[in-house]
Amino acid sequence: MTEQRASSALRVAIAGLGSIGTKIATALDQGIEGLALSAAAVRDPAKHQAFIGGLRHPPKILPIDQLGEVADIVVECAPSSQLRAIVEPAVKRGKAVVVVSVGGLLDNFDLVDLARANGGRIIVPTGALIGLDAVNAAAIGTIHSVKMVTRKPIDGLKGAPFIVQNKIDIDNLGEPLKLFEGSAREAAKGFPANVNVAVALSLAGIGPDRTEIQVWADPTVTRNVHRIEVEADSARFSMGIENIPSENPKTGLITALSVIALLKKQRATLCVGT
Ligand SMILES: NC(=O)C1=CN([C@@H]2O[C@H](COP(=O)(O)OP(=O)(O)OC[C@H]3O[C@@H](n4cnc5c(N)ncnc54)[C@H](O)[C@@H]3O)[C@@H](O)[C@H]2O)C=CC1
Ligand SMILES: O=C([O-])CC(=O)C(=O)O
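Note that the coordinates shown come from a computational prediction; the quantities given were computed from them, not determined experimentally. (Residues numbered from 1 in each chain as written. Chains lettered and ligands numbered in written order. Predicted model: local features only at pLDDT ≥ 70, side-chain atom pairs only at ≥ 80, totals over all residues. Heavy atoms only, no water.)

### Thoughts on the packing of helix α4 (residues 83-92) against helix α5 (residues 110-118)
Here's step 1: Here α4 crosses α5 at 15°, and the two axes come no closer than 8 Å. Considered as vectors, α4 and α5 are oriented roughly parallel to each other. Remark: the crossing between α4 and α5 carries left-handed chirality. Residues Leu83, Arg84, Val87, Glu88, Val91 and Lys92 of α4 form the contact with α5, whose own contacting residues are Asp110, Leu111, Leu114, Ala115 and Asn118.
Here's step 2: For the contact of α4 with α5, the residue count by class is six nonpolar, one polar and four charged. (Axes fitted to C-alpha atoms, helices over the stretch in contact; angles between N-to-C directions. Helix = DSSP H or I, 4+ residues; strand = E, 2+ residues; numbered from the N terminus. Parallel < 35°, antiparallel > 145°, perpendicular 65-115°, else oblique. Left-handed = near helix turned anticlockwise from the far one by under 90°. Contact = heavy atoms within 4.5 Å. Nonpolar A, V, L, I, M, F, W, Y, C, P; charged D, E, K, R; others polar.)

Take a look at the structure:
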C-alpha cells in the first residue's frame, strides 16, 4: 500500500482474537483493498503474542472500550457478554460496529438508538447463515412466516444455558433430540453461542418474537446445519447451509469469511449482493 493509500484507508479494529477474529485479522494483514488493521483487543495478551507478532503489520493492542478511538470500523467477535462494552463507546464516537454476537443485541437494543443519535452504525453480517439479502428484500413487502431448524453435533452445543439449566444429558444420545422450539428471542437466551444466526435472520425479517426456531442436538451430523423456510407475499423460499465447524465447534468456518466479504465491500468498486 502506498503512503497516500495507507493514509486514506478505512481503519479496522477487532475485538476478540478467537476463532473468528484471528481469521479477520489475518485477511486484513494480508491486504483488503482500502482497509487497514489498526488495533485489536484481547483478554490475555500473552496468549496472543505469537499470533500478533507473526503479522506483517502488528496492530496496537488496546482495551475493548478504546477501539473506536483508533478505528473507523470496529468488528465485535468476542463473547456476547462483552457486546455492550465494545459497541457503546464506538457508536458514541459515531463509528461503525460489525456485530457477530448478534444474539446479545436483543438485550441491548438501545445501542441502536445510541448509534442513531451519534451518527454511528451497527452492521450485522450474514455470518454463518445464508440469504439475508432475500429476507431483507421480502421484508420490504410482507413476510407471513419465517421458520428455521438448527441441528448441531453434540460438541457444538455443550454448555448451552438451556441444556445446563434443564439438566439435559446430550452426551449419550443415540438419535437426534429436539431441545427447543420457540421464538428466536427465547432461543438466544437458551443458546447464546449457537443461534446468533436465528437472531440475524429475525432482524432481517419479521423480528425475534415472530421468527420460529427449533434447535436439535444431533449425533448423526458433523456440521452445523441450518434450514430456513420463508413465506412472503413476494416469494416462498427455502434455504439451507451445512457449516463446517471451526476450531471452536460452536462456530461455523464461514462466519469469519462472511465478515471478510462484508469488509471487502466497504471500498470495493464492484459490489455484488445486497
Ligand atoms: N453471527 C453469526 O453467524 C455467528 C456468531 N458467532 C458468535 O461470534 C462470537 C465469537 O465467536 P468465536 O470467534 O467462535 O469465539 P471464540 O471463543 O473463539 O473467540 C472469542 C474471543 O474473545 C476473547 N475475549 C473474551 N473476553 C474478551 C475481552 N474482554 N476483551 C477482548 N477479548 C475478549 C476470547 O479470549 C476469545 O479469544 C461469539 O459470540 C459467537 O457466539 C459465532 C458463530 C456464528
Ligand atoms: O456457526 C453456526 O452454524 C451458527 C452459530 O454458531 C451461531 O449462530 O452462533
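### Details of unusual backbone geometry
Here's step 1: In the Ramachandran plot, Lys167 falls in the positive-phi region, its phi being about 50° despite a non-glycine side chain.
Here's step 2: Checked against the element boundaries, Lys167 lands in the loop between α7 (161-165) and β8 (177-183).

### Some thoughts on the nonpolar core
Here's step 1: Ranked by size, the top nonpolar core spans 58 residues in total, and within it Leu179 and Phe191 carry the most contacts.
Here's step 2: Looking at this core, the element that brings in the most residues is helix α9 (residues 196-204), giving six residues.
Here's step 3: Per-domain counts for this core show at least three residues from each of domain 1 (3-127 + 254-265) and domain 2 (132-243).
Here's step 4: Leaving out residues up to four positions away in the same chain, Leu179 has contacts with Leu157, Phe162, Ile163, Ile168, Ile170, Phe191, Val215, Trp216 and Ala217.
Here's step 5: Residues Leu17, Ile20, Ala40 and Ile73 belong to the second largest nonpolar core, which totals 28 residues. (Core = buried A, V, L, I, M, F, W, Y, C linked by side-chain atoms within 4.5 Å. Buried < 20%, exposed > 50% of the residue type's maximum accessible area, 1.4 Å probe, protein only. Domains from an automatic or database assignment.)

### Points about the UniProt feature "binding site: NAD(+)" (unreviewed entry) in the chain
Here's step 1: Mapped onto this structure's residue numbering, the UniProt feature "binding site: NAD(+)" (unreviewed entry) falls at Ala128 and Asn196. Taken along the chain, the residues just named run across 69 residues; in space they keep tight, none of their C-alpha pairs more than 8.5 Å apart.
Here's step 2: Within the secondary structure, Ala128 is located in the loop between β6 (121-123) and α6 (132-140).
Here's step 3: Look at Ala128 and you get buried, because its relative accessible area is 12%.
Here's step 4: Here Ala128 is in contact with Val197, His226, Ile241, Asn243, Ile254 and Thr255, once residues within four sequence places are set aside.
Here's step 5: Relative to the assigned elements, Asn196 resides in helix α9.
Here's step 6: Non-local contacts of Asn196, meaning those with residues more than four positions away in its chain, are made with Val100, Ser101, Val102 and Gly103. (UniProt positions renumbered as here; feature names shortened; annotations may be inferred.)

### As for the site of ligand 2
Here's step 1: Close to ligand 2 lie 13 residues; Lys152, Asn196, His226, Lys250 and Gly252 are nearest.
Here's step 2: In the environment of ligand 2, an oxygen atom lies 2.8 Å from a nitrogen or oxygen atom belonging to the side chain of Lys152.
Here's step 3: Contacts to ligand 2 include Asn194, whose backbone N or O atom sits 3.2 Å from an oxygen atom.
Here's step 4: Alone, ligand 2 offers 270 Å² of accessible surface; in the complex the protein occludes 94% of this.
Here's step 5: Every element with two or more residues in the shell around ligand 2 is listed here: α9 and β10 (224-232). (Near = heavy atom within 4 Å. Polar contact = N/O pair within 3.5 Å; in protein donor to acceptor, adjacent residues only side chain to side chain. Areas by Shrake-Rupley, 256 points an atom, 1.4 Å probe, with all protein chains shown as cover.)

### Notes on the pattern of salt bridges
Here's step 1: Under the defined criterion, the tally for this structure stands at 14 salt bridges.
Here's step 2: The closest approach of N and O atoms between Arg116 and Asp113, which form a salt bridge, is 3.0 Å. One end of the pair, Arg116, and the other, Asp113, are both in helix α5, three residues apart, so they sit about a helical turn from each other.
Here's step 3: On the accessibility criterion, Arg116 (59% relative accessible area) is exposed. (Salt bridge = Lys/Arg side-chain N within 4 Å of Asp/Glu carboxyl O.)

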